[in-house]
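Chain and residue survey
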Amino acid sequence: MKHPEIEKRIQDLLDRMTLEEKAGQLNQSGGSLVGAFDLSFEELMTMVQDGRITEEEAHKMLSDAKHDWHEDDLRAGRIGSYLNVIGAEEMNRLQHIAVEETRLGIPLINGFDVIHGFRTATPIPLAESCAWDTDLWQRTARMSAEEATAAGVHMTFSPMVDVSKDPRWGRIAESAGEDALLNGLYGEAKVRGYQTDDLTRHDALAACVKHFAAYGAAEGGRDYNRVDMSPQRFEEEYLPSYERAVKAGARAVMPAFNDLSGVPCSVNKKLLTDILRTRWGFDGMTISDANAIAECINHGIAADRRDAARQALNAGMDMDMTSGCFLDHVKELVEAGEVSMDRLDEAVRNILRLKFELGLFDDPYRSSPEQEQAAMLTPAHRALAREAAQKSMVLLKNDGLLPLKADLRIGLAGSLAFDRDEMSGTWSGGYRDGDGRSIQDGLDAEGIAYQAVREDQPLPDCDVFLCAVGERKAESGEAASRASLDLTASDIALLKRLKESGKPVVAVVFAGRPLCLGPAVECADALLMAWHPGVEAGPAILDLLIGRVNPSARLTTGLPAATGQCPTLYYDHIRTGRPAGVFKYTSKYLDAPVTPLFPFGFGLSYTSYRYSDISAAQTSDGIHAEITVRNTGDRAGDEVVQCYFRDPVARRVRPMRKLAAFEKVALQPGESKRVAFDIPNAAFAYYDQEMNLVTDDGVIEIHLGGNVRDTLQADVDYRHP
Ligand code: GLC
């Protein structure tokens, strides 16, 4: 929402700015690395890809190398923003140059990827989404903001709300899974947690919703690949999560690398202007992804950097992340009349507005080294990270082995059980090696004795094996697509070896994505999907395994039986004319099931729940549905009651299930609760073939239960309003 006083101050500045100074405000610099040689981040990554240096060497160079922030360009007004300045002292030093040594003293805005915590790494988003807990999501975002702003960060490139239906895509790790509603609610909670309702607070962090749009639908699960879908599917399944996050008040939006049905998002006017500005009324700032404007040349949509700059600006892009195309070409494009001065002024206005809203003009130095030191990794932050991890890890199997009895002799197996730093997961830039707590640390903290299982030694004499398998963090996240979701051969061999011992086995899976866990199901008596659970991984895993905490997490993406099921595994699929069945001529695979190994919404607990007495009826606003859920076990627990619907006959084929709402309820042993949902009429609307938004008269099926597969059903003879 625009504030007249700020708009006046913006206009006053604009009236005094030269064309070069306006171009400078559009330019975000990532600095460059000064180490053995001066090279850009992209060049460094190329050296890794062609094997000239290893990932570890690159990581060390990145963390050790001195950055060249091109201070002379800053003094000349050619830089309006930085990417990845870390540290209050360094940020204040650069801010001082911007404020005191440039002609107009316009402050910098500094962006960083605060994706799941900053120094206190919390569970990766895909993990935390399994908590189905908007309050938790908001609290961890708040903590992230307190730490990141203390370190000189003003804006985070988060929340990522890309609906992710293909686990082969490494960035599913950064999402809230396969469902539009969950991604939208996750994004909304994160925006509120980061920003609060007062952006001028020193610990308020501007949120940047990304990647706009439908990046999670990259063909083949291959990162950066094409996205091509019907406008109906785009509007119904992919756009809603961005809309909810933007309307939560996010002050920035980042277009995605991919094209959308042939037009790269970076130059896609329909996205960046027609939908974002005109339809949604967004008045914040758009910022490209890294180098994405220049990469429109690779897409084959721009002839050169000048053309890319022209198209991006005219489509509605405001800030250029590190490509330099805007800085190099804006002046000539405006002078040639290929970009209007009005459009340039609007882009500068959107950027200045955010700087004013953050209070950076009146209060440019928002932190200090002392404040920074005090904010990091506090006991309260560790406690919150531990709570988030407890609520994010999904119990998939338990043949009665868990909770572990006391005084059991444990054989600890799998290198990931001893590795603190793999627990932080992808995009954990503020994390510092050694901060994490592994399963080994968790056992030590509990005073539980264990023997390490070594490959080259006979199995120790123990009562139970605790075995860690799965992915390392470098195998997930950006540019980490996989053609196979199988566990590694060594993990499978280890699980089989332990199984053959005849001793019970608890398997803990670390991963940034759904994996094919068939071998773990076969070999383990208990199976915990831990994802990458953050700095408090070990203590939280022990909290669950010894029963101090009752598991309550539920999957936000199905887990595949086979990689070949991707990308058709998602729960809101359509029925087809020949639904999979035993008859040969039906939609199925010869060599794999069509259902996931574990369905969307699934998760076990140390207690059990029974559902009964479903009811549903139309009201003036939509459909009211109720169900009774009872804790039939002997210990308290939290159950996620899920509400799905299906429109069995419509003018376009509709999903077999669509999540409309959920409620997490705490139940004491034997306690029952009546849980009610009110599904608004708007939920039943969809686009017909001509892109008219319609709803039908006729039966609407309501499905309520503890996961998408195991539900009770009530039908409503629905009359649309
Ligand atoms: C990366 C990612 C984006 C991130 C940006 C800045 O390439 O695509 O999510 O925010 O660059 O690091």
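Computed from a predicted model, the values in this text were never measured in an experiment.

Cut-offs used in this document
Residues numbered from 1 in each chain as written. Predicted model: local features only at pLDDT ≥ 70, side-chain atom pairs only at ≥ 80, totals over all residues. Heavy atoms only, no water. Helix = DSSP H or I, 4+ residues; strand = E, 2+ residues; numbered from the N terminus. Rg over C-alpha atoms; globule rule 2.2 N^0.38 Å. Buried < 20%, exposed > 50% of the residue type's maximum accessible area, 1.4 Å probe, protein only. Lys, Arg positive; Asp, Glu negative; His and termini not counted. Charge placed at Lys NZ, Arg CZ, Asp CG, Glu CD. Domains from an automatic or database assignment. Contact = heavy atoms within 4.5 Å. Buried area = accessible area lost by both parts, 1.4 Å probe. Salt bridge = Lys/Arg side-chain N within 4 Å of Asp/Glu carboxyl O. Phe/Tyr/Trp six-rings, centres within 6.5 Å; stacked < 30°, edge-to-face > 60°. Core = buried A, V, L, I, M, F, W, Y, C linked by side-chain atoms within 4.5 Å. Disulfide = S-S within 2.5 Å. Pairing = 2+ DSSP bridges. 1 Å grid on protein atoms, 1.4 Å probe; cavity = no way out; pocket = protein on both sides within 12 Å on 5 of 7 lines; lining within 4 Å. Points joined across faces, edges and corners; volume = space filled by probe spheres on them. Nonpolar A, V, L, I, M, F, W, Y, C, P; charged D, E, K, R; others polar. Near = heavy atom within 4 Å. Areas by Shrake-Rupley, 256 points an atom, 1.4 Å probe, with all protein chains shown as cover. Axes fitted to C-alpha atoms, helices over the stretch in contact; angles between N-to-C directions.

Helix and strand counts for the chain stand at 21 helices and 28 strands. The C-alpha atoms of the chain give a radius of gyration of 26 Å, which matches the 27 Å a tight globule of 721 residues would have. Along the longest, intermediate and shortest principal axes, the C-alpha atoms of the chain span 75 × 65 × 45 Å. Across the 721 residues in the chain, those meeting the buried criterion constitute 60%. Here the chain holds 79 positive side-chain charges and 110 negative ones, and the gap between their average locations is 3 Å.

In terms of domain boundaries, the chain breaks down into domain 1 (384-561) and domain 2 (609-718). Computed over C-alpha atoms only, the centres of domain 1 and domain 2 are separated by 33 Å. Tallying the contact residues gives 7 residues for domain 1 and 10 residues for domain 2. Both sides together, the interface formed by domain 1 and domain 2 hides about 570 Å², and carbon and sulfur atoms give 35% of it. Together, Asn550, Ser552 and Arg554 form the three largest contributors to the area buried by domain 1 at its contact with domain 2, with a combined 79%. Across the domain 1-domain 2 interface, the total number found is 1 salt bridge.

Turning our attention to the packing of aromatic side chains. Per the stated rule, a full pass over the model turns up 18 aromatic pairs. Considering the side-chain rings of tyrosine 571 and phenylalanine 600, the 4.3 Å spacing of their centres and the 20 degrees angle between planes classify their relative orientation as stacked. Of this pair, tyrosine 571 sits in the loop between α21 (537-545) and β20 (609-618) while phenylalanine 600 sits in the loop between α21 and β20, placing them 29 residues apart in sequence. The residues tyrosine 571 and phenylalanine 600 share a single accessibility class, namely buried. Consider the rings of phenylalanine 583 and tyrosine 585, whose centres lie 5.6 Å apart with planes at 65 degrees: the pair is edge-to-face. Assessed through its relative accessible area of 53%, phenylalanine 583 is described here as exposed. The exposure class assigned to tyrosine 585 is partly exposed, which follows from its relative accessible area of 48%.

Moving on: the nonpolar core. Counting residues in hydrophobic clusters, the biggest one holds 100 residues, and the most contacted among them are Met155, Phe212 and Phe234. Apart from the residues within four sequence positions on either side, methionine 155 is in contact with Ile109, Asn110, Gly111, Phe112, Leu205, Ala206, Cys208, Ala252, Met285, Ile287 and Leu354. By size, the runner-up hydrophobic cluster in this structure holds 36 residues, among which are Leu487, Ala507, Trp531 and Phe602.

Here we come to unusual backbone geometry. For the peptide bond that leads from lysine 210 to histidine 211, omega is -15 degrees, which places it in the cis range. Residues phenylalanine 212 and alanine 213 are joined by a peptide bond in cis, for which omega reads 10 degrees. Mapping alanine 213 onto the fold places it in the loop between β8 (206-212) and α10 (231-247). Although it is not a glycine, alanine 214 adopts a positive phi angle of roughly 65 degrees. With respect to the helices and strands, the residue alanine 214 is situated in the loop between β8 and α10. In this model, aspartate 407 sits at a positive phi of 65 degrees, which is unusual for a non-glycine residue. Mapping aspartate 407 onto the fold places it in the loop between β14 (394-398) and β15 (410-413).

Turning our eyes to something else, we now look at the state of the cysteines. If you walk through the whole model with that rule in mind, you get 0 disulfides. Not engaged in a disulfide, the cysteine cysteine 467 finds its nearest cysteine sulfur in cysteine 523; these two sulfurs lie 9.1 Å apart. The thiol of cysteine 516 is unpaired, and the distance to the nearest cysteine sulfur, on cysteine 566, comes to 6.9 Å.

Here we take up the side chain of serine 81. With respect to the secondary-structure elements, serine 81 resides in strand β5 (residues 81-83). Setting aside its immediate chain neighbours within four residues, serine 81 contacts Asn27, Gln28, Ser29, Leu108, Ile109 and Met319.

In terms of strand pairing, strand β27 (residues 698-705) meets strand β28 (residues 711-718) through 8 bridges, oriented antiparallel. Bridged to glycine 705 within β28 is threonine 711.

Take empty space enclosed by the protein next. It is the rolling of a water-molecule-sized probe over the atoms that shows where space remains empty. This structure, assessed with the given rule, holds 2 cavities of 30 Å³ or more. In this structure, the largest cavity encloses a volume near 50 Å³. Every residue along the wall of the largest cavity is listed here: Ala88, Met91, Asn92, Thr149, Gly152, His154, Pro364, Arg366 and Ser367. Element by element, the count of residues in the lining of the largest cavity is highest for helix α6 (residues 88-100), at 3 residues. Counted by class, the lining of the largest cavity contains 3 nonpolar, 5 polar and 1 charged residues. Of the volumes computed, that of the second largest cavity is approximately 30 Å³. Lining the second largest cavity are Ser164, Lys165, Asp166, Pro167, Glu178, Thr557, Gly558 and Leu569. Per-class residue counts for the lining of the second largest cavity are 2 nonpolar, 3 polar and 3 charged.

Moving on: the site of the ligand. With respect to spatial proximity, 13 residues lie near the ligand, and among them Asp113, Arg171, Lys210, His211 and Asp289 are the closest. Coverage of the ligand by the protein chains reaches 92% of its 310 Å² of free accessible surface. Considered class by class, the residues forming the shell around the ligand number 7 nonpolar, 1 polar and 5 charged.

Right, let's talk about the sheet that holds β27 for a bit. On the basis of which strands lie adjacent, the open sheet formed by 4 strands has the order β23-β22-β27-β28 and antiparallel pairing. Each having just a single partner strand, β23 (658-667) and β28 make up the two edges of the open sheet. Averaged over all pairs of adjacent strands, the angle between their axes in this sheet comes to 20 degrees, without regard to strand direction. Where strand β22 (residues 637-646) lies against β27, 5 bridges are found, and the strand directions are antiparallel. Following the sheet pairing, cysteine 643 is matched in β27 by leucine 704.

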